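# Reading the structure
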Amino acid sequence: MENTTTFYVQGLGNISPQKTFDNNEFLNEISEYNDNVLPCVLPEFKNYIHPVALRRMSRLLRIGLSAAKICAQDAQLDMPDAIITASGYGAIGDTSNFLWEILNNGEKQLTPTFFMQSTYNTISGAIAMNMKCNNYNTTYAHRGFSFENALQDALMQMTDTPSKRILLGAFDETNKEQHAIKQFDGLHKRKNINNLTLFQSDGQGTIEGEGAAFFTLGSEKTPNAYAKLLGVKTIYRPEDASELEEQINILLSENNLEASDIDIVINGAGGDTALDAMSNTALNDEFAGKQFLAFKHLCGDYCTAASFGMWLGCKILRHQAIPEITKMNQAAPLSSIKNVLVLNHFWGKRYSLILLQQA
Amino acid sequence: MDELIYNLKKEIISRLNLEGMTPEEFDENTPLFGPDFGLDSIDSLELIVMLEKNYGIKIEDPKVGRQAFQTVTTMAEFIREQQASKTA
Amino acid sequence: MSRKVFITGTGIITSIGKNTNEHLDALLHKHSGIGKLELFPSIHSETIPVGEIKLTDEELCSIAGVQPNSGFTRTALIAIIACREALASANIENIKEARIGLISSTTVGGMREFENILTDLTDLSKDGNFRNYAHVTDAGEHTERVADLFGFKDYVSTTSTACSSASNAIILGAELIKHGILDRVVCGGSDVLSKFTLNGFNSLMILDKRTMHPFDAQRGGVNLGEGAAFVVLESEEMIAKYNKKPLVELTGYSNSNDAFHQTASSPDGDGALLSMSRAIAMAGVEPKAVDYINCHGTGTENNDLSEALAIQKLFQEHVPFFSSTKPYTGHTLAAAGSVEAVFSILSIHNNVLFPNLNFENQMPEITISPLKELMQNVEVKHVLSNSFGFGGSNTSLLFSKV
């Protein structure tokens, strides 16, 4: 179905291992970590959530709900027409807690709160309760596609009903057990590094991150609008870089663009040379000479990390400035930044494209 | 303050994460599920688990729990009754 | 481009059967699969009845055609079995002949396997076969097992909204077809019994220690079940191109949120009312045209009252026949929406309405009561299927005769 409506990112709310929750700043301070686990820099939760409600909430629930509130406030959104969330592992903290209780207590005297909050859509439900929103509400939970599936859903809904304003967010949290499991398999580094040296390290494994990034989407170009969301694509198990390139070109031509129109490429490389190879090849083939940025040295890798990449793209388009810390190369300076492409991958099997344009 | 009531208050504050509240501020006759504390059905279940863990009292029917947990005072009475009938 | 979505195939495995025909047989003969937990040890196995698929993992591997202990979780195995049947029943032999997606759902994922090996997995000095199950906890893992086995590539996704998950998978599938992104989508869900969910529901004190009695004044909660089910959605263009006879049309659906409590429904039924009325409105159908409601009907005090009040309010003098089929299979959690979609399709296709087993006592708060007996040779044109999950997720699907 041909879409003739333009969709804007009207608000942002990002809590990440960098100080990103304050929308008035843009990576002014950079946080460094030396044990391969990047936890979020947290806001004061009481600013967003009533203390009585806060008491029972798990860490991820507090983070997710706060990011959603920051975003809704940023977009002056009182009542979303839909709440769509995404998470690869869901509330893994509560899941772990409940599981360990079962194992340690022999299935006795178990804490119902842990179980109740372990469902993937706990945060989605909490946002709905907080905003008294009875509208569409769903959660996508497919690994490195969760966030992109959510974006696809939102785009389809807004295509049908352009007046809709959608609150959409993705979140995942660090977890000791999962980190250990991934270290064993070489997906996460065993040797500790400083996160900012991720792309100069031994090229084996990535570092663990977490975050909650929310976006308000709508068809109105509000005064605060950050960017246009032109399109999103998921590519499952591409055979090789040329398949990725083909999909990139399809997405661009659907939006009357060519590779030469792209000003900035945001690369979701995770620091593992083998797993990053295909996307690096595709991007170099398609966009040689362009300004490449990376972001996983700032937020770590996690299923929904592409949401940090999209946040970065939105902020760049709004501020018309590129944080030095994100640059992977030094391309010719740009007089203006109009088109940004995010190419992310998760464990080298799930690739996604997010195309943004200046608002 | 009665020792059982004091302990119950501490345990409830801890279990239900009532941050910032002290046993001294906690009125044992204020309804727990009323507007002051705003506890709900999940909190009731948590208190059932707490009773089993800390006092060895098992409640099978959540309705019995809601009845016993009206206030800290009624909770203490319930515990004393249950413990008395065990030793009887 | 047509905006119609049809269902051309079904696949299902639960405690009452390994395929669609076996399910129809069980439903017609009132055979429930609820019984004792046997296939994994738990302190609750003597006291908590469940709807267990009486096949070991080795047997499931054999049916699914995969090697045992090679990393396929029970959730993935039953999903493979159901998906295979769905594709065959839709006469899809060549996955690549059209743009096709796979959207599955689960709450438990590979937790059943993971809970047994967690301690070993986190010990970096230990290795063994168990490492084949290292990455099975997340919801999307089983979907990729199915995708890779059958060659799905165009679109792969997983939803997880507790008990409404599979219904939301079906909604996403329908939307992808309507927007011309896919021609076909296989949608559904899979969940298995595990210590995690058994103890989770038990900690919420909503499990019935007897076989469940939905809508009964003395209902005591839910029996958990395990199962997987998929339906094949296709566009009108596909139906014409491949000359297919669809089973039903998916004419309406709605996803709304109760926004009341994490695990309880709003007591006056407003959440359920919203999702049912919107689904019917989408189809352009009057409430009185609905012939049957396959209810969420979990047998909990809260859900059944809430759902029944909503039905009364919405349908008024024209309350259709309604029942919960969960006493047959148990509550299959994420898969419930697709399991009950299959039952709704069977109802329309076979002119039959399935009873609400174990119902005896009228609820005093309402005037309506569920269907107690099987009804055959009835014309069934429109069936509404409800699935309401934790997190306030309320989803209703309307299936219509073609």
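## Quick look at the interface of chain A and chain C
Tallying the contact residues gives 49 residues for chain A and 46 residues for chain C. Elements with a minimum of two residues in the side of chain A that touches chain C: α3 (92–105), α4 (112–116), α5 (122–131), β3 (136–140), α6 (146–160), α7 (176–184) and β6 (227–236) of chain A. Broken down by class, the residue content of the side of chain A that touches chain C amounts to 23 nonpolar, 19 polar and 7 charged.

## Comments concerning the interface of chain B and chain C
Contact residues are listed per partner, giving 5 residues for chain B and 6 residues for chain C. At 3 residues, the largest contribution of residues to the side of chain B that touches chain C is made by helix α2 (residues 41–55) of chain B. Each residue belonging to the side of chain B that touches chain C can be placed in one class, and the counts come to 3 nonpolar, 1 polar and 1 charged.

## Some words on the domain arrangement of chain C
All names here are of chain C. Entries for chain C in the domain assignment read domain 1 (5–241) and domain 2 (250–400). With centres defined by C-alpha atoms, the gap from domain 1 to domain 2 works out at 21 Å. Listed by partner, the interface residues are 64 residues for domain 1 and 56 residues for domain 2. Of all elements in the fold, only β1 (5–14), α1 (20–28), β3 (50–51), α6 (165–178), β6 (184–191), β7 (224–225) and β8 (227–235) reach the threshold of two or more residues within the side of domain 1 that touches domain 2.

## Some details on the sheet that holds strand β2 (residues 34–35) of chain C
All names here are of chain C. Spatial ordering of the open sheet is given by β2-β3-β7, a layout of 3 strands whose pairing is mixed. Across the chains shown, the open sheet's two edge strands, defined by having one partner strand only, are β2 and β7. Alignment of β3 against β7, held across 2 bridges, turns out to be parallel. Its bridge partner being in β7, Val50 is matched across the sheet by Leu224.

## What to know about helix α12 (residues 336–350) of chain C
Residues and elements named next belong to chain C. In this model, α12 (15 residues) spans 21 Å end to end at C-alpha, consistent with the 21 Å of a helix rising 1.5 Å per residue. With 13 of 15 residues buried, α12 is to be regarded as a mostly interior element. Positive backbone phi, at 55°, marks Asn351, one or two positions downstream of α12.

## Quick word on unusual backbone geometry
Within the chain, Arg143 of chain A stands out as a residue other than glycine whose phi angle is a positive 45°. Of note, Arg143 of chain A is situated in the loop between β3 and α6. One non-glycine residue, Gln316 of chain C, lies in the positive phi region at around 50°. Topologically, Gln316 of chain C is positioned in the loop between α10 (301–315) and β11 (321–323).

## Some details on the packing of α1 of chain C against α12 of chain C
All names here are of chain C. Contact geometry for α1 and α12: axes closest at 11 Å, N-to-C directions at 75°. As summarised for this structure, α1 and α12 are arranged roughly perpendicular, according to the angle between their axes. Across the interface between the two elements, Thr20, His23, Leu24 and Leu27 of α1 pack against Val342, Phe343, Leu346 and Asn350 of α12. Across the contact of α1 with α12, the residue classes tally to 5 nonpolar, 3 polar and no charged.

Reading guide: rules and limits
Residues numbered from 1 in each chain as written. Chains lettered and ligands numbered in written order. Predicted model: local features only at pLDDT ≥ 70, side-chain atom pairs only at ≥ 80, totals over all residues. Contact = placed C-beta atoms within 7 Å. Helix = DSSP H or I, 4+ residues; strand = E, 2+ residues; numbered from the N terminus. Nonpolar A, V, L, I, M, F, W, Y, C, P; charged D, E, K, R; others polar. Domains from an automatic or database assignment. Pairing = 2+ DSSP bridges. Expected span 1.5 Å × (residues − 1). Buried ≥ 20, exposed ≤ 12 C-beta atoms within 10 Å, placed from the backbone. Axes fitted to C-alpha atoms, helices over the stretch in contact; angles between N-to-C directions. Parallel < 35°, antiparallel > 145°, perpendicular 65-115°, else oblique.

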